[in-house]
Structure formats: structure tokens, C-alpha cells
Amino acid sequence: MTLIVWTYIVYIALSVPLTVWVAHTLHQNGRVFLIDSFHHNEQLADSVNHLLVVGFYLINIGYVALALKEGIAPADLRQVLETISRKIGVVMLVLGAMHFFNIFLFSRMRRRALLQRVPPPVPPQAHVPVATQ
Amino acid sequence: MNHLYVLFDAQCELCVRCRNWLAKQPTFVPLSFIALQSTKAERRFPGIDALKPSEQLLVISNEGSVYRGAHAWIMCLWALQNYREYAQRLAHPILLPFARIVCELLSRNRFFLSRALFKQEAQSVARLLAAHCRPPQTLCSNSRASV
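Quick summary incoming for the structure in this document. All figures in this text were calculated on a predicted structure; none of them were measured in a lab. (Residues numbered from 1 in each chain as written. Chains lettered and ligands numbered in written order. Predicted model: local features only at pLDDT ≥ 70, side-chain atom pairs only at ≥ 80, totals over all residues. Heavy atoms only, no water.)

1. Observations concerning the overall build of chain A
Line of reasoning, step 1. Helices and strands together make up the secondary structure of chain A, namely three helices and one strand.
Line of reasoning, step 2. Each helix and strand of chain A, placed in order from N terminus to C terminus, yields the pattern α-α-α-β.
Line of reasoning, step 3. Whereas a compact globule of 133 residues would reach a radius of gyration of roughly 14 Å, chain A reaches 24 Å, over 25% beyond that.
Line of reasoning, step 4. With the principal axes as the frame, chain A shows a C-alpha extent of 85 × 30 × 20 Å.
Line of reasoning, step 5. In chain A, of all internal contacts separated by at least 6 residues, the share reaching a separation of at least 24 is 77%.
Line of reasoning, step 6. Put simply, chain A shows about 8400 Å² of open surface, and 70% of that area lies on carbon and sulfur atoms.
Line of reasoning, step 7. Charge separation in chain A, taken as the distance between the mean sites of 10 positive and 6 negative side-chain charges, equals 9 Å. (Helix = DSSP H or I, 4+ residues; strand = E, 2+ residues; numbered from the N terminus. Rg over C-alpha atoms; globule rule 2.2 N^0.38 Å. Contact = heavy atoms within 4.5 Å. Areas by Shrake-Rupley, 256 points an atom, 1.4 Å probe, with all protein chains shown as cover. Lys, Arg positive; Asp, Glu negative; His and termini not counted. Charge placed at Lys NZ, Arg CZ, Asp CG, Glu CD.)

Now the structure itself:
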């Protein structure tokens, strides 16, 4: 096998487990946020959590697959390492961006849920009887 | 609190437009709109006249708590899903006096603003009243003509 094929193999062998690890972290630690956001409806939280993780996998594995091809074949081991490092670096940045985007989504959902429980910010100024109809 | 009643002035184009905007927003607490010229207001909240609903916006909860002016606006925003944060900010002790001044100015000049912004004319008052004070229209138009 040529050097470029080895580059590809190492690239995939590193970036796919990396994606799995980030997705796993997100899945495990995002659950608490989601349960709180959905008023302790665990079933719904788990479902949303799962859907988010599926999206995360699709986007990241999709990116890893798209970015696989390397135009210039490396001539020696040094170039192989450089290529792998550059590719993995970009994958990590994409993963990081996706990860923060997910955290942003979690926190927004949670803020929404918290807002729902906020009491009126101002006290009433008078009281009137209400006729029942 | 699970319901808010908003008493608006059906003779003022600005108020009716605000009411229509509020009615379109997604809410945490359902809002009902009652024209202050309608008989429904007096029927549902006996003695509401003492609170002078024609002077400032009034919001009344289903428990009978009354909010006036800036407080009423804050309660309207608080009821909306997309604006509850703004309500919290406006209710802050630093911003509340400004909110009060703005609301008072708006309420006092609402007919002037309706004319200036939306070119409201005398004949459209009847149309607005007819749209928001059914039925009966006769009872509606002769109550509180002082506004």
C-alpha cells in the first residue's frame, strides 16, 4: 500500500473515534440539561437527546468522509504526519464548533424552560372582584 | 394566575394595532382582549370604572389583580413567550421609571399618535368600535364617551 492510503487509514482511524467520543460526551452530559428543560419529562428529553446526537454524527462523519481526499500524495513519513495532523486538526475544529453549537441549543432550551416558571415581575396595584360567567 | 384580560381602548387605532400584535404572539399565559367601551368589561369586572380604564392600559388577571400603565405593559410582555425576558428587564428598578414615563406619554397622546402615524380619521372610530364592541353596539357607543 502506498503512503497516501496509510494516511487515509490513520486519518479515519483517528477522526471517527474522536467523533464518537465527542458525541458520547454530549449524549451523556446533555441529558441533565434536557431533562430540566422538558420539565422532568425524561422520555421526551431522551428522545430529543438521541435526535441531536444522530444529527451530530451525520454532520461530523459526513464532513470526515468529504474531507478525506488529499490532492498531493505525501512522499515521506514527515509529509504523512503533517497531512494527518492538518486533517485531524480541521476535524477537531469542526467537532468543537458543532459541540459548542449543541451546548448553545441545550442552554437555549433550558432558558426557555426556566422562563416559563418566572413569576410576574411587578406586583399588582389594585384588586377588583371578578364576575364568574 | 392562568389568564390575563387586557382592557384596551377600541377608539384608538394605535391601541387596536397593539392589541392585534399582542394577539398574534405565542403566549405562556393566555391573553383576552376586552374593549373598554364594551359592556363586557363592566360585566366581568364590576366597579372597574373606579380604576379609570380610559386613562391608561389596564391588565387584570383572572384572580382580579389589576396592573396599570407600565405595569400593565410589563405584564403583557411577561405573558408572551418571546418577550418575557424584556418584561424582566423593564421591571428592573432602574428601567421601570423610564417605562412609566414612556407609557404615560403614549397613553396621553394616543389619539394624536393614531392620527399622526396611521392617519386615523373620525369615521374610522365607528368602524373600530363596531369591530371590537359587539354586541350590542348601541350600548357600546354611549358608554364612556369622555375618552
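2. A short note on the sheet that holds strand E1 (residues 4-8) of chain B
Line of reasoning, step 1. Pairing is mixed in the open sheet, where five strands are placed in the order E1(A)-E4(B)-E3(B)-E1(B)-E2(B). Among the strands making up the open sheet, the edge pair consists of strand E1 (126-127) of chain A together with strand E2 (31-35) of chain B.
Line of reasoning, step 2. With three bridges connecting them, strand E3 (residues 58-61) of chain B and strand E4 (residues 65-68) of chain B associate as antiparallel partners. Within E4(B), the residue paired with B:Ile60 across the bridge is B:Val66.
Line of reasoning, step 3. Its contacts with the sheet put helix H1 (residues 13-24) of chain B on E1 and E2 of chain B, and the angle it makes with E2(B) is roughly 160°.
Line of reasoning, step 4. The strands touched by helix H3 (residues 69-79) of chain B are E1, E2, E3 and E4 of chain B; relative to E4(B), the strand with the most contacts, the crossing angle is about 110°. (Pairing = 2+ DSSP bridges. Axes fitted to C-alpha atoms, helices over the stretch in contact; angles between N-to-C directions.)

3. Observations concerning the packing of helix H1 (residues 3-37) of chain A against helix H2 (residues 42-66) of chain A
All names here are of chain A.
Line of reasoning, step 1. For the pair H1 and H2, interaxial distance at closest approach is 9 Å and the crossing angle is 160°. By the angle between their axes, H1 is roughly antiparallel relative to H2. As H1 runs across H2, the sense of the crossing is right-handed.
Line of reasoning, step 2. Residues of the contact of H1 with H2, tallied by class, amount to 16 nonpolar, six polar and three charged. (Parallel < 35°, antiparallel > 145°, perpendicular 65-115°, else oblique. Left-handed = near helix turned anticlockwise from the far one by under 90°. Nonpolar A, V, L, I, M, F, W, Y, C, P; charged D, E, K, R; others polar.)

4. Here we look at the pattern of salt bridges
Line of reasoning, step 1. Tallied over the entire structure, the rule returns 12 salt bridges over all chains.
Line of reasoning, step 2. With its nearest N and O atoms 3.6 Å apart, the salt bridge here joins A:Lys87 to A:Glu70. Highlighted residues: A:Lys87 in helix H3 (residues 77-116) and A:Glu70 in the loop between H2 and H3, separated in sequence by 17 residues. This pair shows no difference in class: A:Lys87 is buried, exactly as A:Glu70 is.
Line of reasoning, step 3. Here B:Glu13 ties to B:Arg17 by a salt bridge, and the two come within 3.2 Å at their closest N and O atoms. Of this pair, B:Glu13 and B:Arg17 both sit in helix H1, four residues apart, which is roughly one turn of the helix.
Line of reasoning, step 4. Look at B:Glu13 and you get buried, because its relative accessible area is 11%.
Line of reasoning, step 5. Accessibility expressed as a relative area gives 41% for B:Arg17, which makes it partly exposed.
Line of reasoning, step 6. It is possible to trace a salt-bridge network through shared partners that takes in A:Arg31, A:Glu42 and A:Asp46. (Salt bridge = Lys/Arg side-chain N within 4 Å of Asp/Glu carboxyl O. Buried < 20%, exposed > 50% of the residue type's maximum accessible area, 1.4 Å probe, protein only.)

5. Section: the nonpolar core
Residue and element names in this part refer to chain B.
Line of reasoning, step 1. In terms of nonpolar packing, the biggest core is built from 31 residues, with Leu-4, Val-6, Leu-31, Val-59, Met-75 and Trp-78 touching the most fellow members.
Line of reasoning, step 2. The set of elements that each furnish at least two residues to this core consists of E1, H1, E2, H3 and helix H7 (122-132).
Line of reasoning, step 3. Looking at this core element by element, the count peaks at seven residues for H3.
Line of reasoning, step 4. Discounting chain neighbours no more than four positions away, the residues touching Val-6 are Leu-31, Ser-32, Phe-33, Ile-34, Leu-57, Leu-58, Val-59 and Cys-76. (Core = buried A, V, L, I, M, F, W, Y, C linked by side-chain atoms within 4.5 Å.)

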